[in-house]
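Structural overview
Here is what each chain is made of, one letter per residue.
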Amino acid sequence: AELLTAVDAAGLTSTTAGGSDWAPRLQALKGQILIAQGRDVDGAALLGPAIEQMKASGIQQWVLVPFEKALMQAQAANR
């Protein structure tokens, strides 16, 4: 989790093989990490909007699947 704070979305986007949509992808990854740490509410708060942004931009489904699973896990834990 600490290493992720040093990752820069703009830097990733500027690389030739960097892909796109790094800001919501990094936000989703942070959310996924928070959920793994047992901070379900905080993680879901990051994951939900990030997933919606990625869906709106047409990101590949294989990128979304682990984030969607983590969000469902967090939501189930808080019911």
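Residues numbered from 1 in each chain as written. Predicted model: local features only at pLDDT ≥ 70, side-chain atom pairs only at ≥ 80, totals over all residues. Heavy atoms only, no water.

**As for the overall build of the chain**
This is how the line gets drawn: Only DSSP runs of H or I covering at least 4 residues are called helices, and only runs of E covering at least 2 are called strands; the numbering of each starts at the N terminus. Here's how the labels work: a residue is buried when its accessible area is under 20% of the maximum for its type, exposed when over 50%, partly exposed in between, all with a 1.4 Å probe on protein chains only. It only takes one pair of heavy atoms within 4.5 Å for two residues to be counted as in contact. All accessible-area figures derive from a Shrake-Rupley calculation using a 1.4 Å probe, and residue coverage is judged against the displayed protein chains alone.
When helices and strands are tallied, the chain shows four helices and zero strands. Helices and strands in the chain line up, N terminus first, as α-α-α-α. For the chain, buried positions account for 32% of its 79 residues. Across the chain, the fraction of contacts at a sequence separation of at least 24, relative to all contacts at a separation of at least 6, is 44%. Here the chain has roughly 4900 Å² of accessible surface; of this, 57% comes from carbon and sulfur atoms.

**Brief notes about the packing of helix 2 (residues 22-36) against helix 4 (residues 61-77)**
Helix-helix packing is characterised by the crossing angle of the two axes and by the distance between the axes. Just so we agree on the cut-off: Here an axis means a line fitted to C-alpha atoms, over the contact stretch when the element is a helix, while the angle between two N-to-C directions is reported on a 0 to 180 degree scale. Each angle gets one of four labels, with under 35 degrees taken as roughly parallel, over 145 as roughly antiparallel, 65 to 115 as roughly perpendicular, and the rest as oblique. Left-handed describes a crossing whose near helix is turned anticlockwise from the far helix by less than a right angle; the clockwise case is right-handed. When residue character is reported, Ala, Val, Leu, Ile, Met, Phe, Trp, Tyr, Cys and Pro are called nonpolar, Asp, Glu, Lys and Arg charged, and the others, Gly included, polar.
Where helix 2 meets helix 4, the axes come as close as 10 Å, and the angle between the chain directions of the two elements is 40 degrees. With respect to helix 4, the axis of helix 2 lies oblique. By crossing handedness, the relation of helix 2 to helix 4 is classed as left-handed. Between helix 2 and helix 4, the residues in contact are Arg25, Ala28, Leu29, Gln32 and Ile35 and Val63, Pro66, Phe67, Ala70, Leu71, Gln73 and Ala74, respectively. Looking at the contact of helix 2 with helix 4 residue by residue, the class counts come to nine nonpolar, two polar and one charged.

**A closer look at the pattern of salt bridges**
Basically, it comes down to this: Counted as salt bridges are all cases of a side-chain nitrogen of Lys or Arg within 4 Å of a carboxyl oxygen of Asp or Glu.
Within this structure, the stated rule accounts for two salt bridges. The shortest N-O distance in the salt bridge between Asp42 and Arg39 comes to 3.1 Å. Of the residues examined, Arg39 reaches a relative accessible area of 41% and is grouped as partly exposed. Lys55 is the salt-bridge partner of Glu68, the closest N and O atoms lying 3.3 Å from each other. Residue Glu68 is found in helix 4, and its partner Lys55 is found in helix 3 (residues 40-57); the two are separated by 13 residues along the sequence.

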